[in-house]
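# Secondary and tertiary structure notes
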Amino acid sequence: MNDGQQNRSERPGLAARLVSEARKIVSFGLIGAVNGVVNYAVTVGLTLFVLARFGLATDDVALGVAKALGWAVAVTNSYLLNTMITFAAESGRRLSWRTYGKFVASGTLGLTVEVLSFLVAVRYLPLTLAAIVPIGFAFVANFAMTRFVVFPNR
C-alpha cells in the first residue's frame, strides 16, 4: 500500500477519535455545569440554613468553610460522574483514591488558573467580562489535566 492509501485508511480512525474527544469535551462541560449548580447549592444551603441558625453566617471563617465544602462536594461529584460517564472507557468505571487525588489536584490547578487569569483580565476588561474569561481558561486547564493526567488512554 502506498502512503496515499495508508493516509486515507487512517482518516476514519482520526475522525472517530476527534468525534470521541468532542463528545468527552461536551460531557465534561455538562458535568461541570451541573457541578457549578451543586457548588452553589451546597454553599448557599450551608450559609443560609445551617450556619445562619448558629449565628455564624456573617463570620468569614464560617463562610470560607461553607464555600470550601461546596467546592469539595462539587469536585467529588464531578469525579464520580466523569469516571462513570465521560471517561468510562479510560477508567473502566472504577473509582480509586489515587485517581480521586489526581482529580482533586487537577481541579485545584484549574482553580489556580481561574483565579490568576481573573486577576489579569480584571486589569484590562470590565468586571462583567473579566469574570467570564477565566471560566474558559479554567475549563481548558481542567479538561486537559483530567484527560491526559487523571484519565489517560489505557
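Going by the structure above, here's the rest.
Residues numbered from 1 in each chain as written. Predicted model: local features only at pLDDT ≥ 70, side-chain atom pairs only at ≥ 80, totals over all residues. Heavy atoms only, no water.

### Looking at the packing of aromatic side chains
- Evaluated as defined, the whole model comprises nine aromatic pairs.
- Between Phe28 and Phe87, the aromatic rings sit 6.4 Å apart at their centres with planes inclined by 65°, giving edge-to-face as the arrangement. Highlighted residues: Phe28 in helix H1 (residues 3-51) and Phe87 in the loop between helix H2 (60-86) and helix H3 (88-91), separated in sequence by 59 residues. Taken as a pair, Phe28 and Phe87 share a single burial class, namely buried. (Phe/Tyr/Trp six-rings, centres within 6.5 Å; stacked < 30°, edge-to-face > 60°. Helix = DSSP H or I, 4+ residues; strand = E, 2+ residues; numbered from the N terminus. Buried < 20%, exposed > 50% of the residue type's maximum accessible area, 1.4 Å probe, protein only.)

### Comments concerning the packing of H2 against helix H4 (residues 97-124)
- Packing of H2 against H4 brings their axes to within 10 Å, and their N-to-C directions diverge by 125°. Overall, the two elements H2 and H4 adopt an arrangement that is oblique. For the element pair H2 and H4, the recorded crossing hand is right-handed. Of H4, the residues touching H2 (which contributes Trp71, Val75, Thr76, Ser78, Tyr79 and Asn82) are Thr99, Tyr100, Phe103, Val104, Gly107 and Thr108.
- Residue classes in the contact of H2 with H4 are distributed as six nonpolar, six polar and no charged. (Axes fitted to C-alpha atoms, helices over the stretch in contact; angles between N-to-C directions. Parallel < 35°, antiparallel > 145°, perpendicular 65-115°, else oblique. Left-handed = near helix turned anticlockwise from the far one by under 90°. Contact = heavy atoms within 4.5 Å. Nonpolar A, V, L, I, M, F, W, Y, C, P; charged D, E, K, R; others polar.)

### Things to note about a nonpolar patch on the surface
- A surface patch of nonpolar side chains, about 690 Å² in accessible area, is lined by Val120, Tyr124, Leu125, Leu129, Ile132, Val133 and Phe137.
- Counting only elements with at least two residues in the nonpolar patch, the list comes to H4 and helix H6 (133-150).
- The residue Leu129 is located in helix H5 (residues 127-130) in this model. (Patch = residues over 30% accessible without salt bridge, like charges linked within 9 Å, V, L, I, M, F, W, Y side chains within 5 Å. Areas by Shrake-Rupley, 256 points an atom, 1.4 Å probe, with all protein chains shown as cover. Salt bridge = Lys/Arg side-chain N within 4 Å of Asp/Glu carboxyl O.)

### A closer look at the layout of surface pockets
- Size it by volume and the largest pocket reaches roughly 680 Å³.
- Contributing to the lining of the largest pocket are 24 residues, with Gly32, Trp71, Glu114, Ala138 and Asn142 lying nearest its centre.
- Of all the secondary structure elements, the ones that give two or more residues to the lining of the largest pocket are H1, H2, H4 and H6.
- Across the lining of the largest pocket, the residue classes break down as 11 nonpolar, 12 polar and one charged. (1 Å grid on protein atoms, 1.4 Å probe; cavity = no way out; pocket = protein on both sides within 12 Å on 5 of 7 lines; lining within 4 Å. Points joined across faces, edges and corners; volume = space filled by probe spheres on them.)

### Let's talk about unusual backbone geometry
- The backbone phi angle of Arg93 is positive, close to 55°, even though this residue is not glycine.
- Structurally, Arg93 can be placed in the loop between H3 and H4.
- According to the relative accessible area criterion, Arg93 is exposed, its value standing at 52%.

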